[in-house]
Amino acid sequence: LFFTERPGRILVLEPGKPPRLLATIEVAAQREGGLLGLALSPAFAQDRYIYIYHTYRDAAGLKNRVVRFTEQGDRGTSPTTIIDNIPGAGIHDGGRLRFGPDGKLYVTAGDASQSELAQNPRSLAGKILRINPDGSIPADNPAPGSPVFSRGHRNPQGLDWHPSTGKLYEVEHGPT
């Protein structure tokens, strides 16, 4: 069982063993931010890729990004940024990662407490992003050259697909 802790730890729990630290990430764990999402590659048994979503601070303020690690020798190695500069804030960071039935990585991004960004097609805030596992943009995304798959979201917190139809369902964290 791979799991995250908001202050920046990725851990692994195996039957009969104590939790093992895989990696520590420097994060901005303020209010709703921090280490928020984790997804294993659909080909994890072969490639050992682990994807995480986290909040960080740079000179411009809080932001979010997706980073891929490789599990090697019981450690998370070779961190590679997959997508970056997703607006962040103390609240509404989103942060769920899921691989869809199409093999693409879906990323939920909150509106970073700026609701007007959710409808802005030039912002990654308030969106569901869809990218290839290497971070490139799928050719069949709704807007060519954009990772945006769906927009107008407040703080998306969950993703799943209907087992028969393959239809995507998303869960919002609403105000009440």
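Refer to the preceding data block for the structure.
Residues numbered from 1 in each chain as written. Predicted model: local features only at pLDDT ≥ 70, side-chain atom pairs only at ≥ 80, totals over all residues. Heavy atoms only, no water.

A.B. asks: How should I be thinking about the sheet that holds strand E9 (residues 105-109) in this particular structure?
C.D. replies: In a beta sheet, neighbouring strands pair by backbone hydrogen bonds and run either parallel or antiparallel. Here four strands make up an open sheet; going across it, the order is E8-E9-E10-E11 and the pairing antiparallel. Each having just a single partner strand, strand E8 (97-99) and strand E11 (148-151) make up the two edges of the open sheet. Mean inter-strand twist for the sheet, computed between neighbouring axes without regard to direction, equals 20°. Judged from the three bridges that link them, E8 and E9 form a sheet pairing that is antiparallel. Within E9, the position partnered with leucine 97 by the bridge is valine 107. (Pairing = 2+ DSSP bridges. Helix = DSSP H or I, 4+ residues; strand = E, 2+ residues; numbered from the N terminus. Axes fitted to C-alpha atoms, helices over the stretch in contact; angles between N-to-C directions.)

A.B. asks: Is there a simple way to explain unusual backbone geometry in this structure?
C.D. replies: Excluding glycine, residues mostly carry a negative phi; peptide bonds, for their part, are mostly trans. The phi dihedral of asparagine 85 falls on the positive side, at around 60°, and the residue is not glycine. Considering the arrangement of structural elements, one finds asparagine 85 in strand E7 (residues 75-87). Given a relative accessible area of 44%, asparagine 85 falls into the partly exposed group. We note that histidine 92 has phi near 65°; this positive angle belongs to a residue other than glycine. Take histidine 92: it is sitting in the loop between E7 and E8. (Buried < 20%, exposed > 50% of the residue type's maximum accessible area, 1.4 Å probe, protein only.)

A.B. asks: For this particular structure, what's the right way to read the pattern of salt bridges?
C.D. replies: A side chain of one charge can pair with a side chain of the opposite charge when the charged atoms of the two come close. Enumeration over the complete set of coordinates arrives at 11 salt bridges. The partner of lysine 17 in a salt bridge is glutamate 14, with the nearest N and O atoms 3.7 Å apart. Glutamate 14 is the salt-bridge partner of arginine 20, the closest N and O atoms lying 3.4 Å from each other. Relative accessible area serves as the criterion here: at 18%, arginine 20 is assigned to the buried category. It is possible to trace a salt-bridge network through shared partners that takes in Glu14, Lys17, Arg20, Arg48, Glu71 and Asp74. (Salt bridge = Lys/Arg side-chain N within 4 Å of Asp/Glu carboxyl O.)

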